[in-house]
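Below are the chains, spelled out letter by letter.
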Amino acid sequence: MKNFTILIAVCLLCSVANVFAINGKKHSLRNNQVQEDLRNLKGFWQQDGYGSLLVVGDSTIKEYETSSKHCLLTNEYDFPDFPLFPTTVKVNRERSQFYSRPDLTIHSYAYNLIADLPDACRYGITKKTRDPLANFEVFWAIFNENYAYFKERNVDWLGAYDENLWRVEQLGETKEDQLALFEIFSSMIMQLDRDGHAGIEYIDSDDPSTTIVRDAASYREFGERLRSEFSKSYSENELRALFESYSDYFDDFGAFKEYMLINVFFANLSRKDAEIVKSYMTQKSLQEAANGQINWGVMEGNIGYIQILSMGGFSTDREASVEEFLASLEIEMSHIVNEFRDTDSVILDVRLNGGGLDLIGLEIAKYFYDRPRTVFRKKARSEDRDANKVNIRIKPAPISYIKPIYLLTSSVTASAAEIFTLAMKELPYVRLVGEPTNGIFSDVLVKTLPNGWTVDVSNEIYADHQGISYEYVGVVPDETALMFDKAYRGAGKDSALERVSQLVGQADGVSCEYRVNHTWPNHFLAKVRVINVSSEPIFGWSVGMQFNEDAEINLFWNANINGDASEFSAKNKPWNSQIKPGGSVTFGLIGSTLNGETPSPYLTGICNPDLSKVVVK
């Protein structure tokens, strides 16, 4: 094994977010919470759904990682040198819970006061050991009690235990046996199909600088297309010859092939695509912002374009506070949105965004929000089904863009970029174009094994405001356009930008008619006709309805409708997505109001307001 870190990933593009030290953010109190000095909260505090225990003593805090199989002391701090939380935290008035929101997170985390140590801690603290069986038991228990998506990925974790136990029992503590144990753990994690947030890091106890990292990520159909092109571009003999020239860095041919695929072949495709994207701009170039992680410009057709490459790494100042960092981002985004004030629509491109920080994604999203909205809910997997359940709400920025928006996604769009997508898809004037996102939403829960290795676990469940989770399946776009489509690329074109240009053109030639056909006390029945008055066919449509009064839509047909309060979005069914020139489709709805007045909507989305009309009896 060479003396350096080897990244061996089933994924094609494992994006690592830039992590930077940021300090000191204040948060307002809830009505039932009071400020308290953490040193006054002596006792045992358990974090449900996260396998964490804090023991607060007179002058120290001990941090344990726990499961039914282990209780491992991971950190011990003397006051006031406790880095996990501010010295003062929020405590409920019963003093049975305290809440803390670490910097760079989007919500607070709850710790519950318990009367005594968990059984695994009372019966003996887990000692550091290389014993294969002891590590296997802990490894299996951590996933069994925290991993949230066995069902979605059709994994029999108990069966995996039975299948691998006998193999582990044959191993000892030699270096070769430790590597064999790592391979067993890796194979079990690989069953968690396409979960880039499930992984393991091997750390050589004799040489800690030697590590191996594996995770279960992959990039769906795009990954298959990329591998196919790669295999046609490099023969096995060519790769073997190149492998010899890299012998000082690689002793594993498989790892070298992944390096060539990601760092050479995919990187070259990305550079070519960047040049293609620039060709669509009026200035044939893009302006950089946020330390090069945001590129922007104006396309032909008066369309703004913003490419967001990651949800992090926006600053080179590693000592910046949260307030300083967010203030810098505010300056950048306010400037870009202001520059786009006269454009007709905007493209947000997160196709190459592998994630980063949820906080950053939500901060960017607010520059495209028209009003406060609850955008999604999340909770941790636990015996208590609502452990740390929170609703995430976004308020608009002082300056925001609320004209038609096209969000470009791909299977590389992952993690925090998917949280951004989840937030943006709630808006009635946003249309998704591209490929389904990767389908990994949970934050990464990092746990330590007795031998010092670490494992990553997806333990959180994200769902939109309708309660739908997109884990594993990803967020599906309204319009399909393949990333790095070979046919388009060969012609010097970008498939998603071409599709957006078509959609923008369609919107100019679409007339919508909203007509209330019947009313009765506090209810109304309306039909909406979408008419293609252009000379080109329409493939997929979306109609936004912004009512002048709060309303509920109780029943609908011939469209998929979602939204709340005064704003709703109606999107085509699979069978009525196409509208021929001169043709039309009609969908209907039954709604209700509280004040008895029949609300009147302003039509957005694909509807050209100059050609559309609303008739309310």
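Throughout what follows, the structure given in this document is the object of discussion.

Rules behind the numbers
Residues numbered from 1 in each chain as written. Predicted model: local features only at pLDDT ≥ 70, side-chain atom pairs only at ≥ 80, totals over all residues. Heavy atoms only, no water. Helix = DSSP H or I, 4+ residues; strand = E, 2+ residues; numbered from the N terminus. Rg over C-alpha atoms; globule rule 2.2 N^0.38 Å. Buried < 20%, exposed > 50% of the residue type's maximum accessible area, 1.4 Å probe, protein only. Areas by Shrake-Rupley, 256 points an atom, 1.4 Å probe, with all protein chains shown as cover. Lys, Arg positive; Asp, Glu negative; His and termini not counted. Charge placed at Lys NZ, Arg CZ, Asp CG, Glu CD. Core = buried A, V, L, I, M, F, W, Y, C linked by side-chain atoms within 4.5 Å. Contact = heavy atoms within 4.5 Å. Pairing = 2+ DSSP bridges. Right-handed = clockwise from strand over helix to strand, strands pointing away. Phe/Tyr/Trp six-rings, centres within 6.5 Å; stacked < 30°, edge-to-face > 60°. Lys NZ or Arg CZ within 6 Å of the ring centre and 35° of its normal.

To continue, consider the overall build of the protein. Looking only at helices and strands, one finds twelve helices and 34 strands in the protein. Compactness check: the protein gives a C-alpha radius of gyration of 27 Å against a globular reference of 25 Å for 617 residues, within 12% of the reference. A buried classification covers 53% of the 617 residues belonging to the protein. Just so you have it, the protein exposes about 27200 Å², and 48% of that area is on carbon and sulfur atoms. Charge-centre separation for the protein: the mean point of 62 positive side chains lies 6 Å from the mean point of 85 negative side chains.

A few words now on the nonpolar core. I306, I364, F368, F420 and M424 are the most contacted members of the largest nonpolar core, which has 53 residues in total. The element best represented in this core is helix 8 (residues 322-339), accounting for seven residues. Beyond its immediate stretch of four places on either side in the chain, M424 contacts L348, A365, F368, Y369, I405, L407 and V430. Grouped together as the second largest cluster of nonpolar side chains are 36 residues, Y109, A148, F150 and M188 included.

Within strand 15 (residues 345-349), five of the five residues are buried, which leaves the element mostly enclosed by the surrounding structure. A two-sided burial pattern is seen for strand 15, the buried positions comprising S345, I347 and D349 on one face and V346 and L348 on the other. Relative to strand 15, strand 14 (residues 303-308) runs parallel, the two sharing five bridges. Paired with G304 across the strands is V346, a residue of strand 15. Following the backbone out of strand 14, through helix 8 and into the adjacent parallel strand 15, one traces a crossover that is right-handed. Here four bridges tie strand 15 to strand 18 (residues 405-409), and the two strands are oriented parallel to one another. Bridging across to strand 18, V346 finds its partner in I405.

Looking now at the packing of aromatic side chains. The final tally for this structure, using the stated rule, is 37 aromatic pairs. Judged by centre distance (5.6 Å) and plane angle (65°), the rings of F182 and Y202 are edge-to-face. In this pair, F182 sits in helix 4 (residues 175-190) while Y202 sits in strand 10 (residues 195-203), placing the two residues 20 residues apart along the sequence. Exposure remark for F182: the relative accessible area of 0% places this residue in the buried category. Considering the side-chain rings of Y246 and Y259, the 5.9 Å spacing of their centres and the 55° angle between planes classify their relative orientation as tilted. On the criterion of sequence distance, the pair formed by Y246 in the loop between helix 6 (236-245) and helix 7 (253-279) and Y259 in helix 7 is long-range, its members being 13 residues apart. Here the basic side chain of R194 rests over the ring of Y472, its NZ or CZ set 4.3 Å away from the ring centre. When the ring centre of F253 is taken as origin, the NZ or CZ atom of R240, which lies over that ring, is 3.7 Å away.

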